[in-house]
Amino acid sequence: MWAVESTPVNILAIESSCDDTAVAILQNGNILCNLVASQKIHAAWGGVVPELASRAHQQNIVPLVDAALKQSNIKKEQLSAIAFTSGPGLIGSLLVGVSFAKSFAMGLNIPIIEVNHMQAHIMAHFIDKPFPPFPFLCLTVSGGHTMITKVNDYFDSELIGKTTDDAAGEAFDKAAKILNLPYPGGPMIDQFAKDGNPKAFVFPQPNIPNYDYSFSGLKTAYLYFVQNHVKANPHFIEENLSDICASIQYSIIHHLLKKLLRAADDFEIKEIAIAGGVSANTGLRNAIEELGIKNDWNTYIPKFEYCTDNAAMIAITAYHKYMIGDFAHQSVSPHAR
Ligand code: KG4
Ligand code: ZN
């Protein structure tokens, strides 16, 4: 019998849409290496400074690609394609990844694959088994987006609800800033909330139709609540930090899950996934598991490293595009939205 020799599909993926420079290498659908260089510089400014982010990407990208190739034991000549995030994101940050990918691929004479960042967050569910079967509902919650998608196939999905103002991650970050917690605030709120009572303070639930979201009213109510209490007691924040964090986290999660539950009922779908940076939140992860048990759902919660921005999710999306020959042209440019 003849052994059939097949060349492995090796994809180098780059993610540089915001403040994390990330590089991953995938072989035949398996992640060999997943590296992230988080840019600490933004903490001092209380948020991402776009110009500083682009500069840091430029400094990080070459050493990170080098390290990823070494760790995966892959030579650049063995790469089948280079994938990159084309948007949405900060234009200067995206430009670094896109330009690097295009020139590297041109030098190696291999194809490029462009990946939409939000689609990649959902596709992160196809890195490790069990994979969700189609159709499934995915609540994608990040720093810039909040949406419910009905995913019919890898590249066929319907947006059924989205935020009409702030994203859930933004609500977490702003809530933290009001408490003078450092950026990014989401993980800080999560941390303090663990020791707090989620029912200690009650905030008004947003009232918005269909499967859409709104966080601006909740944010304003919370801001006035903190300001008024601090006026009466300057130590209010320190004395109640865990309870405040647990209560605002509870309000955000309650709004997120109420709409998800409604969508799952109306669409009669029991395969339910969460994705994006906020899906790293302990409260949300626990709440969706509980809701899953109550409603007989199969729930899909990404590993922590695949929740926040990473290049493994870009690599897996690119792999499925590679398999159907969906390559980009060298003239492709990044798009902020
Ligand atoms: O997906 P992501 O890494 O970047 C974007 O695509 O925006 O999401 C970042 C967002 C930030 O708002 C961050 O505060 C939030 O995810 N986040 C969290 C947690 N970890 C990250 N929010 C709440 N709890 C967490 N543990
Ligand atoms: Zn993201």
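Residues numbered from 1 in each chain as written. Chains lettered and ligands numbered in written order. Predicted model: local features only at pLDDT ≥ 70, side-chain atom pairs only at ≥ 80, totals over all residues. Heavy atoms only, no water.

Overview of the domain arrangement of the chain
Convention followed: For every domain, the bounds stem from an assignment made automatically or drawn from a database. Any two residues whose heavy atoms approach within 4.5 Å are treated as being in contact. Summed over both partners, the accessible area (1.4 Å probe) lost when two parts come together is defined as the buried area. In protein, a polar contact means a hydrogen-donor-capable atom and an acceptor-capable atom, both N or O and within 3.5 Å, with residues adjacent in sequence counting only if both atoms are side-chain atoms; elsewhere, any N or O pair within 3.5 Å suffices. The helix count covers DSSP runs of H or I at least four residues long, the strand count covers runs of E at least two residues long, and both are numbered beginning at the N terminus.
Segmentation of the chain into domains returns domain 1 (10-123 + 308-323) and domain 2 (131-302). The interface of domain 1 with domain 2 comprises 15 residues on the first partner and 15 residues on the second. For the domain 1 and domain 2 pair, buried surface summed over both sides reaches about 1300 Å², with 74% attributable to carbon and sulfur atoms. One can count 2 residue pairs in polar contact (both at pLDDT 80 or more) joining domain 1 with domain 2. Elements supplying a minimum of two residues to the side of domain 1 that touches domain 2: helix H3 (117-123) and helix H9 (312-323). The greatest single-element share of the side of domain 1 that touches domain 2, amounting to 5 residues, is contributed by H3.

What to know about helix H4 (residues 168-178)
Selection rule: Residue burial is assigned from relative accessible area. The probe radius is 1.4 Å, only protein chains are included, and a residue is buried under 20% of its type maximum, exposed over 50%, and partly exposed in between. The arc in question is formed by the directions pointing from the helix axis toward the C-beta atoms.
Buried residues of H4: Ala 168, Gly 169, Ala 171, Phe 172, Ala 175 and Ala 176, and no others. In an axial view of H4, the angular spread of the buried residues amounts to 160°, which keeps them on one side of the axis. Those residues of H4 that are buried are in contact with strand E6 (136-141), strand E7 (146-153), helix H5 (185-193), helix H6 (216-232) and helix H7 (236-267). Just downstream of H4, Asn 180 is the residue with a positive phi angle, here 65°.

Points about the site of ligand 1
As a reminder of what qualifies: Note on terminology: near, applied to a residue and a molecule or strand, indicates that one of the residue's heavy atoms is within 4 Å of it. Note that accessible areas follow from Shrake-Rupley with a 1.4 Å probe, and for residues the cover is restricted to the protein chains shown. Only Asp, Glu, Lys and Arg are considered charged, only Ala, Val, Leu, Ile, Met, Phe, Trp, Tyr, Cys and Pro nonpolar, and every remaining residue, Gly among them, polar.
The full set close to ligand 1 counts 17 residues, and Gly 143, Asp 173, Asp 190, Gly 277 and Asn 281 are the nearest of them. Note that an oxygen atom of ligand 1 is positioned 3.1 Å from one of the side-chain N or O atoms of His 117. In this structure, Asp 173 approaches ligand 1 through a side-chain N or O atom, which is 2.6 Å from an oxygen atom. Burial of ligand 1 by the protein chains amounts to 88% of its free accessible area of 550 Å². Looking at the shell around ligand 1, the elements with two or more residues in it are H3, H4 and H5. Split into classes, the residues belonging to the shell around ligand 1 amount to 4 nonpolar, 10 polar and 3 charged. Inspection of the shell around ligand 1 shows a minimum of three residues originating in each of domain 1 (10-123 + 308-323) and domain 2 (131-302).

A word on the packing of H4 against H6
Applied cut-off: In this analysis an axis means a line fitted to C-alpha atoms, helices contributing only their contacting stretch, and an angle means the value between N-to-C directions, from 0 to 180 degrees. Roughly parallel refers to an angle under 35 degrees, roughly antiparallel to one over 145, roughly perpendicular to one between 65 and 115, and oblique to any angle outside these ranges.
At a minimum axis separation of 10 Å, H4 and H6 run at an interaxial angle of 10°. For the element pair H4 / H6, the angle class is roughly parallel. Contacts between H4 and H6 pair Lys 174, Ala 175 and Ile 178 from the former with Lys 219, Tyr 222, Leu 223 and Val 226 from the latter.

So, the packing of aromatic side chains
Applicable threshold: Side-chain rings of Phe, Tyr and Trp, where Trp is taken by its six-membered ring, are said to pair if the distance between their centres is within 6.5 Å; with planes under 30 degrees apart they count as stacked, over 60 as edge-to-face, and otherwise as tilted.
Going through the model one piece at a time under the given rule, you end up with 16 aromatic pairs. Note on Phe 134 and Tyr 154: the rings are 5.3 Å apart at their centroids and 90° apart in plane angle, and the pair reads as edge-to-face. Taken together, the positions of Phe 134 in the loop between H3 and E6 and Tyr 154 in the loop between E7 and strand E8 (156-162) put the pair 20 residues apart, joining distant regions of the chain. According to the relative accessible area criterion, Tyr 154 is partly exposed, its value standing at 28%. Grouped by ring-pair contacts, the aromatic residues Phe 126, Phe 131, Phe 134, Phe 136, Tyr 154 and Phe 155 constitute a single cluster.

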